[in-house]
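Each chain is listed here by its residues.
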Amino acid sequence: MILIWIFISVFAFASTSFFRQYRDVDTLILVAIGTAINANIYNAITLPSPAFGMTFGIDSILYTLFVFTVYLRAKDYSVNEAKSMAITTIQAILVSAVIEFFARFLQSGKISSDLLIIFSNYVISSISSLLCLWLMFGVMKKFSALNKYILTFVCILGTVWINSLFYYLPTLFFATEISSVNIGFLFGSLLGKLVCSAIAVFFYFLNQTVWIADSKKNQVD
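Residues numbered from 1 in each chain as written. Predicted model: local features only at pLDDT ≥ 70, side-chain atom pairs only at ≥ 80, totals over all residues. Heavy atoms only, no water.

Asks: Looking at this structure, I do not really get helix 3 (residues 58-76). What am I missing?
Replies: Over its 19 residues, helix 3 runs 27 Å from end to end, which matches the ideal 27 Å to within 8%, given 1.5 Å per residue. Along helix 3, 17 of the 19 residues are buried, which leaves the element largely enclosed by surrounding structure. (Helix = DSSP H or I, 4+ residues; strand = E, 2+ residues; numbered from the N terminus. Expected span 1.5 Å × (residues − 1). Buried < 20%, exposed > 50% of the residue type's maximum accessible area, 1.4 Å probe, protein only.)

Written out as structure tokens, the structure reads:
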């Protein structure tokens with residue numbers, strides 16, 4: 001199972017990097033919106049993949065890829081454009097939350113506590129993402145002189161790890177007891193996003209050297 005997870009990770013980042021050669025901005029926007037929305041739907045809680053005493057989910061791949069696209073938009077274009085893309089993506093998440101809320105309400109005919117919890121998770125995730133991304137923009141500016149690949153790794157990993165802590169630590173805090181299952185979700189998320197951050201740097205390197213992104217071609221022209 002873990003090998004399949006790794007294959008999906010490589011495929012997702014490779015596809016994004018490959019298509020940046022032809023339609024850079026369109027690719028970044030498309031991937032950002034698609035991954036951010038689905039990370040809230042298909043995650044380690046709804047679709048867990050246990051391995052090595054931890055629980056992995058496809059959301060670690062999706063969310064890291066989302067942050068990667070925002071980082072690339074800021075790095076290769078401008079921070080303002082990246083902020084605009086991030087805000088649009090988070091608005092799309094909230095639209096998805098409203099759609100799911102009414103779809104579930106239509107199915108059950110009542111507003112249950114579970115329904116409110118699901119909706120609130122979308123809202124909390126959206127706020128957390130905004131805070132983490134704005135922090136990332138600040139780090140990018142402050143440490144702009146750092147080696148670009150080290151900066152890429154630090155920014156992406158730091159952003160996704162902080163988001164994991166925002167998401168999973170309250171679960172541990174409010175749990176009646178801190179079980180190995182709960183800790184397994186947190187550690188699985190941290191390890192999964194560490195692997196994905198390393199994969200992101202590799203494909204960022206390819207976009208700088210082999211699969212030259214549109215933004216770089218325009219600079220050369």
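Structure shown, so let's carry the discussion forward.
Asks: Teacher, can you tell me more about helix 1 (residues 2-19) here?
Replies: For an α-helix, 3.6 residues make a turn, and residues three or four places apart therefore share a direction. With 18 residues, helix 1 should reach 26 Å at 1.5 Å per residue; the first-to-last C-alpha distance of 26 Å fits that figure. For helix 1, every residue scored as buried is listed here: Trp5, Ser9, Ala12, Phe13, Ala14, Thr16 and Ser17.

Asks: Can you walk me through unusual backbone geometry in this structure?
Replies: Note on backbone geometry: most residues besides glycine have negative phi, and most peptide bonds are trans. The backbone phi angle of Phe52 is positive, close to 55 degrees, even though this residue is not glycine. Relative to the assigned elements, Phe52 resides in the loop between strand 1 (49-51) and strand 2 (54-56).

Asks: I would appreciate a short explanation of the confidence of the model for the chain in the present structure.
Replies: As a general rule, the predicted coordinates of low-pLDDT regions are not to be interpreted in detail. Of all residues in the chain, 91% have pLDDT values of 70 or greater, and the mean over the chain is 88. Here helix 8 (residues 214-220) stands out as the element of the chain with the lowest mean pLDDT, 65, in contrast to helix 3, whose mean of 96 is the highest. Low pLDDT, under 50, characterises residues 174-181; the predicted model gives this stretch four contacts beyond four residues in sequence or across chains. (pLDDT = per-residue confidence, 0-100. Contact = heavy atoms within 4.5 Å.)

Asks: Looking at this model, I keep getting lost on the nonpolar core. Mind explaining?
Replies: What tends to happen in soluble globular proteins is that the nonpolar side chains get buried as a cluster. If you look at the biggest cluster of nonpolar residues, it comprises 47 residues, and the most contacted ones within it are Phe13, Val70 and Met136. The dominant element in this core, judged by the number of residues it contributes, is helix 3, at 11 residues. Apart from the residues within four sequence positions on either side, Val70 is in contact with Ala82, Met85, Ala86, Leu133, Met136 and Phe137. Core analysis: the next-biggest nonpolar cluster, separate from the first, contains five residues, Tyr168, Phe185, Leu186 and Leu190 among them. (Core = buried A, V, L, I, M, F, W, Y, C linked by side-chain atoms within 4.5 Å.)

Asks: Explanation requested: the packing of aromatic side chains in the structure shown.
Replies: The description of an aromatic ring pair rests on the distance of the ring centres and on the angle between the ring planes. The full count for this structure, using the stated rule, is 14 aromatic pairs. Here Trp5 and Phe56 contribute two aromatic rings whose centre-to-centre distance is 5.9 Å and whose plane-to-plane angle is 55 degrees, an arrangement assigned as tilted. Placement of the pair is Trp5 in helix 1 and Phe56 in strand 2, with a sequence separation of 51 residues. Like Trp5, the residue Phe56 is buried in the burial classification. Plain terms: the ring middles of Phe202 and Phe203 are 5.1 Å apart, the flat faces sit at 80 degrees to each other, and that makes the pair edge-to-face. (Phe/Tyr/Trp six-rings, centres within 6.5 Å; stacked < 30°, edge-to-face > 60°.)

Asks: Explanation requested: the environment of Ala32 in the structure shown.
Replies: Mapped onto the elements, Ala32 comes out in helix 2 (residues 24-41). Sequence separation of Ala32 and Asn80 is 48 residues, and the distance between their C-alpha atoms is 16 Å. Setting aside residues up to four positions removed in sequence, Ala32 forms contacts with Phe66, Thr69, Met85 and Thr89.

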